[in-house]
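Geometric and topological summary
The residues making up each chain are set out below.
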Amino acid sequence: MTTTAYKRILLKLSGEALMGDDSYGINRVVIERIVTEIKEVSQLGVEVAVVIGGGNIFRGMTSAEDGMDRATADYMGMLATVMNALALQDAMRRSGLISRVQSALRIDQVVEPYIRGKAIRYLEAGKVVIFAAGTGNPFFTTDTAAALRGMEMNVDIVLKATKVDGVYTTDPKINPNAIRYQNLSFDMAIAQNLKVMDATALTLCRDQKLPLNVFSIFKAGALKRVVMGEDEGTLVQV
């Protein structure tokens, strides 16, 4: 039996991660590859929860900047995350991975409402739990939802899947000499505004001593390497 570094994880997937190289929407090849990565760690006995964003369909903050009421825009963004959660669940079904979607907004004909005890029982039974609709409140990002659900699910670590394989001293797309941080403190990430997650999410993780790893979901096998405790991405902790 392979020994993993973590027993229960929360994976934060951005909506943009589902686009691949497309300009919007859900790229089937990309979502199937992400599911393959999740299935691989689930088969190791790791309990997996997922918080998913909706930026590939609708971005609340961008629409608010264009004059839309911010609360209305955020609720629309939450509905976009439900669409992504359903797509992710369907891709998992096709791969033979059992999952459940729970939404912070009640849409009982489509998905289950968020119930903490039931979500934990699903995880203990080996099912992947996909959390949709963020926190259910406007003005909070899905990063904050990931930190919150991570604490509620008593996970060992929050894993933020991005397009970049960690946190760098400067933007590696602009500066080829940028250096990846192997380890980072929450205080340093907040003080230097390193854009790891939003400040609310970072503060929540810091105060509850919940570690965070930032890695690239587009790097084959990266999720498994993080779960195995290998040097992958950037580990942020107290």
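1. Description of the layout of surface pockets
- Its volume calculated, the largest pocket comes out at about 1100 Å³.
- Looking at the largest pocket, it is lined by 43 residues, and the ones nearest its centre are K12, S14, R59, D143 and K160.
- For the lining of the largest pocket, the secondary-structure elements that each account for two or more residues are helix 2 (60–65), helix 3 (70–95), helix 5 (142–152) and strand 6 (157–162).
- When residues of the lining of the largest pocket are assigned to their parent elements, the largest contribution, six residues, is made by helix 3.
- Split into classes, the residues belonging to the lining of the largest pocket amount to 14 nonpolar, 17 polar and 12 charged.

2. Some words on the packing of aromatic side chains
- In this structure the tally under the stated criterion is one aromatic pair.
- Between Y114 and F131 the ring centres are 5.6 Å apart and the planes differ by 75 degrees, which places this aromatic pair in the edge-to-face class. In this pair, Y114 sits in the loop between strand 4 (112–113) and helix 4 (116–124) while F131 sits in strand 5 (residues 128–132), placing the two residues 17 residues apart along the sequence. Like Y114, the residue F131 is buried in the burial classification.
- Sitting over the ring of Y122, R100 keeps its end group 5.6 Å from the ring centre.
- When the ring centre of F131 is taken as reference, the NZ or CZ atom of R149 above it lies at 5.8 Å.

Thresholds, definitions, all that
Residues numbered from 1 in each chain as written. Predicted model: local features only at pLDDT ≥ 70, side-chain atom pairs only at ≥ 80, totals over all residues. Heavy atoms only, no water. 1 Å grid on protein atoms, 1.4 Å probe; cavity = no way out; pocket = protein on both sides within 12 Å on 5 of 7 lines; lining within 4 Å. Points joined across faces, edges and corners; volume = space filled by probe spheres on them. Helix = DSSP H or I, 4+ residues; strand = E, 2+ residues; numbered from the N terminus. Nonpolar A, V, L, I, M, F, W, Y, C, P; charged D, E, K, R; others polar. Phe/Tyr/Trp six-rings, centres within 6.5 Å; stacked < 30°, edge-to-face > 60°. Buried < 20%, exposed > 50% of the residue type's maximum accessible area, 1.4 Å probe, protein only. Lys NZ or Arg CZ within 6 Å of the ring centre and 35° of its normal.

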